Amino acid sequence: MGFPGTWMTTSGSMIYRVVPKCACSTIGQIMFYSDNGSFFDGDIHDAQHGLHKWGMEESRPAIEHAVKGGETFTFTCVRNPYTRILSAFFDKICGIQRNGNRYRGNLVPMLTQQYGIQVDGEFDQIASFRRFLLFARDTIAFRKPMDPDIHWSSVAGHVSTLIAGGGRYDHVFFTEKFNEGMQAVLDSCPPAHAVDPANIPRFNESEGHGPKRAHPVADYFDDLSMHLMYEMYKQDFDLFQYDFEDPGNKMPKGPVDLEEVHYKLGPRAAA
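To keep things clear, this report deals only with the structure shown in the data block. (Residues numbered from 1 in each chain as written. Predicted model: local features only at pLDDT ≥ 70, side-chain atom pairs only at ≥ 80, totals over all residues. Heavy atoms only, no water.)

**Looking at the overall build of the chain**
Then, number 1: For the chain, the helix and strand inventory stands at ten helices and five strands.
Then, number 2: Radius of gyration (C-alpha) of the chain: 19 Å, near the 18 Å computed for a compact globule of 271 residues.
Then, number 3: If one aligns the C-alpha atoms of the chain with their principal axes, the spans along those axes are about 50 × 40 × 35 Å.
Then, number 4: Across the 271 residues that make up the chain, the buried fraction comes to 52%. (Helix = DSSP H or I, 4+ residues; strand = E, 2+ residues; numbered from the N terminus. Rg over C-alpha atoms; globule rule 2.2 N^0.38 Å. Buried < 20%, exposed > 50% of the residue type's maximum accessible area, 1.4 Å probe, protein only.)

Printed below as a string of structure tokens:
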């Protein structure tokens, strides 16, 4: 299995397990800047130099050695499940991607045909989103009509792969408290080029892909929607301290318990 979704600075100062829709573009740019003294010119996901990525064959030995060695500061960033899946819907389902096409080609036409989702013109955002939730649940629970996509598969599932491979996190922080959490990372492994998370651009590569959210977060989630969310993301709510009962409260209720994360997502939990 290896360490999918894992990035590391070329200096070996820090390791990051990417979680899609959890500030990964901004984190990647900070890592790139910390070694190179400048931000990557473009989407950091496209960078083929200046940053080790598990997706690049030549980076794998260095990443594997560092993760298993346990000496390199390792972290990830998590997000409220309600706002994360809304972001995925507006970006990947409603939006046009950087290449000028819909996400995953025929995905949206299939959703229109099989789930009645409408995303063109002045559509009913709440109705279409709730139908998208049914689709997302089907992919996660039944792997039908397709396997779950990385942008709406659970945060815990992403985080667990590094632990399953023998790695261990030193820090898990919240998208909702980004500056504080990222600063703690930088304080723990001072970079060659200083960077202040509070005074850099937010590299939201999905911004502008789709329509703006027209309603408060809570309006998108009725009782059935909340039931589906709990079915899909119970572990995310519990492990990462988010409030399932109130979709309008995006803030975590308390700090992440790293020992609990490693215990519940580690090999013994999978046994």
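**Some details on the pattern of salt bridges**
Should the charged atoms of two oppositely charged side chains come close, the side chains can pair.
Then, number 1: In the structure shown here, the tally under the stated rule is 13 salt bridges.
Then, number 2: A salt bridge links Asp222 to Arg130; the nearest nitrogen and oxygen atoms lie 3.3 Å apart. With Asp222 in the loop between helix H7 (178-188) and helix H8 (223-239) and Arg130 in helix H5 (residues 125-142), this residue pair connects regions lying 92 residues apart in the sequence.
Then, number 3: The partly exposed category is assigned to Arg130, whose relative accessible area is 26%.
Then, number 4: Here the salt bridges do not stand alone but share partners, grouping Lys21, Asp91 and Lys92 into one network. (Salt bridge = Lys/Arg side-chain N within 4 Å of Asp/Glu carboxyl O.)

**Description of the nonpolar core**
Then, number 1: Ranked by internal contacts, the top residues of the largest apolar core, which has 58 residues, are Ile85, Phe132, Trp152, Phe221 and Phe240.
Then, number 2: Put simply, the parts of the chain that give this core at least two residues each are helix H2 (60-69), helix H3 (81-93), helix H4 (107-115), H5, helix H6 (155-164), strand S5 (171-174), H8 and helix H9 (258-265).
Then, number 3: Counting 24 residues, the second-largest nonpolar core is a separate cluster that includes Phe40, Ala47, Leu51 and Cys189. (Core = buried A, V, L, I, M, F, W, Y, C linked by side-chain atoms within 4.5 Å.)

**Observations regarding the environment of Ile150**
Then, number 1: One can find Ile150 in the loop between H5 and H6.
Then, number 2: Given the relative accessible area of 47%, Ile150 is considered partly exposed.
Then, number 3: Here the alpha-carbon distance between Ile150 and Ala194, two residues 44 residues apart in the chain, equals 31 Å.
Then, number 4: Those residues within four positions of Ile150 in sequence are excluded, and the remaining contacts are Pro20, Arg84 and His158. (Contact = heavy atoms within 4.5 Å.)

**So, the packing of H3 against H5**
Then, number 1: Running from N to C, H3 and H5 cross one another at 100°; their axes reach a closest spacing of 11 Å. Taken together, the axes of H3 and H5 lie roughly perpendicular to each other. Taking contact as the criterion, the partners of Ile85, Leu86, Phe89, Phe90 and Ile93 in H3 are, on H5, Gln125, Ser128, Phe129, Phe132, Leu133 and Ala136. (Axes fitted to C-alpha atoms, helices over the stretch in contact; angles between N-to-C directions. Parallel < 35°, antiparallel > 145°, perpendicular 65-115°, else oblique.)

**Structural notes on empty space enclosed by the protein**
Then, number 1: The tally for this structure, following the rule as stated, stands at one cavity of 30 Å³ or more.
Then, number 2: In this structure, the largest cavity occupies an estimated 40 Å³ of space.
Then, number 3: For the largest cavity, the full set of lining residues is Arg79, Pro81, Arg84, Ile85, His151, Trp152, Val155, Tyr233 and Asp236.
Then, number 4: Broken down by secondary-structure element, the contributors of at least two residues to the lining of the largest cavity are H3 and H8.
Then, number 5: Tallying contributions element by element places H3 first for the lining of the largest cavity, with three residues.
Then, number 6: Of the residues belonging to the lining of the largest cavity, the class tally is five nonpolar, one polar and three charged. (1 Å grid on protein atoms, 1.4 Å probe; cavity = no way out; pocket = protein on both sides within 12 Å on 5 of 7 lines; lining within 4 Å. Points joined across faces, edges and corners; volume = space filled by probe spheres on them. Nonpolar A, V, L, I, M, F, W, Y, C, P; charged D, E, K, R; others polar.)

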